[in-house]
Amino acid sequence: MPQLDIDFVRAQFPAFSEPSLHGQAFFENAGGSYTCKPVIDRLTRYYTQRKVQPYAPYEASRLAGEEMDEARMRMAAILGVETDELSFGPSTTQNTYVLAQAFRQWIKPGEAIVVTDQDHEANSGPWRRLAGDGVEVREWKVDPVTGHLDPEKLEELLDEKVRLVCFPHCSNVVGEINPVTEITSIAHAAGAFVCVDGVSYAPHGFPDVGALGPDIYLFSAYKTFGPHQGLMVMRRALGEMLPNQAHHFNADALYKRFTPAGPDHAQVAASAGMADYVDLVCDHHDGPKNGATARSAFVNDLIHEHETRLLQPVLDAVKDRNDLRLLGPSDATRRAPTVALALNREAEPVAAELAEHGIMAGGGDFYALRPLTAMGADLSRGVLRLSFTHYTSQSEIDQLLQALDRVL
Ligand SMILES: Cc1ncc(COP(=O)(O)O)c(C=O)c1O
């Protein structure tokens, strides 16, 4: 297995040659990543050459529509699902909101759903509001010390009343990677559907959702090197059963049923740039020639090896300090490189101090009020979050560790 060619990777991101960002090491990637060049190029081309109503017979419009279709087709192939099982919406928050409306119409009073206290609010609040319609909401709770979600605890919550289980592939503050396939099979065995928030996981490798098994899988392209879109996989059996949320005449198109907002044509089209990027990295490292999921899996292995190698020293530097608490596992192989630290003071001013050392990071609750509360973190202080991706270099990690040493 080759190592990730970090110089090649960084050359695909214009931000790294942008003078105004020079010397600034970016550690708020869980908030939103830099955009890769293929996406920017497609966006620019769309806005300059194709910014017309798509799917009409004239040339510019035909190209616009074809590019939108290409994006859906290629991203669906990477995610291991059928093309019409993938849709684009304004954001993951918007997508879960619409999904919750669909479930509201389908689920019966007295039936139940399971939500976690490890989720970002986007995959929690909209579901919990179903309680207002007589749906029983059961909470799968994290371990208050480790933040871990134990699948055995889920089994205790399941019975014939439960219709849906919602959980994150990885929390945006705990960072631990949850075993989606195991959890999904537990939920399916009890007759419940599964909705996974993949927003914090997908930036570290697009998953083969078809192989993982959930009925719904969501993530946000502005964190996966793409434009500001929410991508949603809705497997056919569930999607055709839930009531249509789009215009009545769009009910037959699975990919339109849960995205009532008119699509952002340019951003949907530019999303094909994320697939271009996977292809570029795969080919540069001599990966497999065929099969979108195999090529993506190859890229994921490169990413994973690089990220874990860079992450472990960061975890080692903070895990035993007595002036802070590392949330989530201290073993890099079990988590994403999204590292939240509960400090003995307010986090945001610390982020501001880090900025003086060229570190771009954030402090706050990151809309993860529930997991932070469950783990006893002080919400008024928030947490300092340091998050990176595969384009982060060793020298940026060194810069971070030195800055942390000074500031903490
Ligand atoms: C884990 C997680 N889920 C969901 C969201 C919401 O995504 P969006 O901004 O696309 O609504 C975020 C955003 O930060 C997130 O980190």
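Refer to the structure presented above.
The structure displayed is predicted, hence computed values, not measured ones. (Residues numbered from 1 in each chain as written. Predicted model: local features only at pLDDT ≥ 70, side-chain atom pairs only at ≥ 80, totals over all residues. Heavy atoms only, no water.)

**Student:** For this particular structure, what's the right way to read the overall build of the chain?
**Tutor:** Along the backbone of the chain there are 15 helices and 13 strands. Over its C-alpha trace the chain gives a radius of gyration of 21 Å, about what one expects of a compact globule, namely 22 Å for 408 residues. If one aligns the C-alpha atoms of the chain with their principal axes, the spans along those axes are about 60 × 55 × 35 Å. Relative to its 408 residues, the chain shows a buried fraction of 55%. Once local pairs closer than 6 in sequence are excluded, the contacts in the chain between residues at least 24 apart make up 68%. In the structure as shown, the chain presents an accessible area of about 16,100 Å², 51% of it carried by carbon and sulfur atoms. Distance between charge centroids for the chain: 3 Å, based on 36 positive and 55 negative side chains. (Helix = DSSP H or I, 4+ residues; strand = E, 2+ residues; numbered from the N terminus. Rg over C-alpha atoms; globule rule 2.2 N^0.38 Å. Buried < 20%, exposed > 50% of the residue type's maximum accessible area, 1.4 Å probe, protein only. Contact = heavy atoms within 4.5 Å. Areas by Shrake-Rupley, 256 points an atom, 1.4 Å probe, with all protein chains shown as cover. Lys, Arg positive; Asp, Glu negative; His and termini not counted. Charge placed at Lys NZ, Arg CZ, Asp CG, Glu CD.)

**Student:** What is the right way to look at the sheet that holds strand β10 (residues 338–343) in this model?
**Tutor:** Whether parallel or antiparallel, the strands of a sheet pair through hydrogen bonds between backbone atoms. Pairing is antiparallel across the open sheet formed by 4 strands, whose spatial order is β9-β10-β13-β12. Pairing within the sheet leaves two strands with one partner each, and these edge strands are β9 (324–326) and β12 (362–364). Here the average twist between neighbouring strands, direction ignored, is 30°. Here helix α13 (residues 347–356) sits on the sheet in contact with β10, β12 and β13 (383–387), set at roughly 40° to β13. (Pairing = 2+ DSSP bridges. Axes fitted to C-alpha atoms, helices over the stretch in contact; angles between N-to-C directions.)

**Student:** How should I be thinking about helix α11 (residues 272–284) in this particular structure?
**Tutor:** Given 3.6 residues per helical turn, the α-helix brings residues three or four places apart onto the same face. The terminal C-alpha atoms of α11, which comprises 13 residues, lie 18 Å apart, in line with the 18 Å expected from a rise of 1.5 Å per residue. The set of residues buried in α11 consists of Ala272, Gly273, Met274, Ala275, Asp276, Tyr277, Val278, Val281 and Cys282. Looking at the residues trailing α11, positive phi occurs at aspartate 286, about 60°. (Expected span 1.5 Å × (residues − 1).)

**Student:** Even after reading the chapter, I still don't get the packing of aromatic side chains, so can you show me in this structure?
**Tutor:** Remark: the centre distance and the inter-plane angle together describe each pair of aromatic rings, the angle taken between the planes. Throughout the structure, instances matching the rule amount to 17 aromatic pairs. An angle of 65° between the planes, with centres 4.7 Å apart, marks the rings of phenylalanine 13 and tyrosine 391 as edge-to-face. Separated by 378 residues along the polypeptide, phenylalanine 13 in the loop between α1 (6–11) and β1 (25–26) and tyrosine 391 in the loop between β13 and α15 (394–407) bring together distant segments of the chain. Across the pair, tyrosine 391 and phenylalanine 13 agree in class, each one buried. Summarising the aromatic geometry, the rings of phenylalanine 27 and phenylalanine 388 are spaced 6.2 Å apart at their centres and angled 75° between planes, so their arrangement reads as edge-to-face. Placement of phenylalanine 27 in the loop between β1 and α2 (37–49) and of phenylalanine 388 in the loop between β13 and α15 is noted, with a sequence separation of 361 residues between them. Assessed through its relative accessible area of 2%, phenylalanine 388 is described here as buried. By way of ring pairs, the aromatic residues Phe13, Phe16, Phe26, Tyr34, Phe225, Tyr277 and Tyr391 are connected into one cluster. Over the aromatic face of phenylalanine 16 sits the side chain of arginine 10, whose NZ or CZ is 3.9 Å from the ring centroid. (Phe/Tyr/Trp six-rings, centres within 6.5 Å; stacked < 30°, edge-to-face > 60°. Lys NZ or Arg CZ within 6 Å of the ring centre and 35° of its normal.)

**Student:** How should I be thinking about the pairing of β10 in this particular structure?
**Tutor:** Each regular strand shows side chains that alternate between the opposite faces of the sheet. Counted residue by residue, β10 has 6 buried out of 6 residues, so it is predominantly covered. Where β10 and β13 come together, 4 bridges link them in antiparallel fashion. Bridging from a neighbouring strand, valine 339 pairs with leucine 386 of β13.

**Student:** Looking at this structure, I do not really get the site of the ligand. What am I missing?
**Tutor:** Close to the ligand lie Ser91, Thr92, Thr93, His120, Ala122, Asn172, Asp197, Val199, Ser200, Ser220, Tyr222 and Lys223. For the ligand, an oxygen atom lies 2.9 Å from a polar atom in the backbone of threonine 92. (Near = heavy atom within 4 Å. Polar contact = N/O pair within 3.5 Å; in protein donor to acceptor, adjacent residues only side chain to side chain.)

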